[in-house]
Amino acid sequence: MTVTAGNGAHTATETDARRAGEVAAAGLKEALSRVGIVFPSLWAGEPVNGNGSVELGGCNAGTATKLAEVINAAADVLPELRATVR
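Residues numbered from 1 in each chain as written. Predicted model: local features only at pLDDT ≥ 70, side-chain atom pairs only at ≥ 80, totals over all residues. Heavy atoms only, no water.

1. Looking at a nonpolar patch on the surface
(1) Moving on: A cluster of nonpolar side chains, namely V77, L78 and L81, defines an oily patch on the protein surface of about 290 Å² accessible area.
(2) Moving on: You can see V77 is positioned in helix α2 (residues 61–77).
(3) Moving on: For V77, a relative accessible area of 65% corresponds to the exposed category. (Patch = residues over 30% accessible without salt bridge, like charges linked within 9 Å, V, L, I, M, F, W, Y side chains within 5 Å. Areas by Shrake-Rupley, 256 points an atom, 1.4 Å probe, with all protein chains shown as cover. Salt bridge = Lys/Arg side-chain N within 4 Å of Asp/Glu carboxyl O. Helix = DSSP H or I, 4+ residues; strand = E, 2+ residues; numbered from the N terminus. Buried < 20%, exposed > 50% of the residue type's maximum accessible area, 1.4 Å probe, protein only.)

This is how it looks when you write it as structure tokens:
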């Protein structure tokens, strides 16, 4: 199946992957905004190997520091988030 979008024709799988990227980007933006973090260049990227993708872009050092603090705080409260070192 081929679906025509504004930028050309895409298969249903590509369209699904694009939509997955859009949903993931929107969810990440919302989650980050809950803790006061904004990635100005965060957007849904082009599908990669049939999967949706999210482009995080760059951020300033203050934003990166805040993100690290939030991730570390979450890992302290939710041990299942912690990676095991091998």
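Structure's up, so let's keep going.
2. A few points about helix α1 (residues 12–34)
(1) Moving on: Its 23 residues place the ends of α1 33 Å apart at the C-alpha level, agreeing with the 33 Å of an ideal helix rising 1.5 Å per residue.
(2) Moving on: All buried positions along α1 are accounted for by A17, R18, G21, A25 and L32.
(3) Moving on: Phi for G36, located one or two positions after α1, is positive at around 75°. (Expected span 1.5 Å × (residues − 1).)

3. Examining the environment of S53
(1) Moving on: When you line up the elements, S53 lands in strand β4 (residues 51–55).
(2) Moving on: Taking relative accessible area as the criterion, S53 reaches 13% and is therefore assigned buried.
(3) Moving on: C-alpha of S53 to C-alpha of V23: the two residues are 30 residues apart in sequence and 9.9 Å apart in space.
(4) Moving on: If near-sequence neighbours (up to four positions away) are discounted, S53 is found in contact with G21, A44, G45, E46, P47 and V48.
(5) Moving on: Only 2.6 Å separates the side chain of S53 from the backbone oxygen of E46, close enough to count as a polar contact. (Contact = heavy atoms within 4.5 Å. Polar contact = N/O pair within 3.5 Å; in protein donor to acceptor, adjacent residues only side chain to side chain.)

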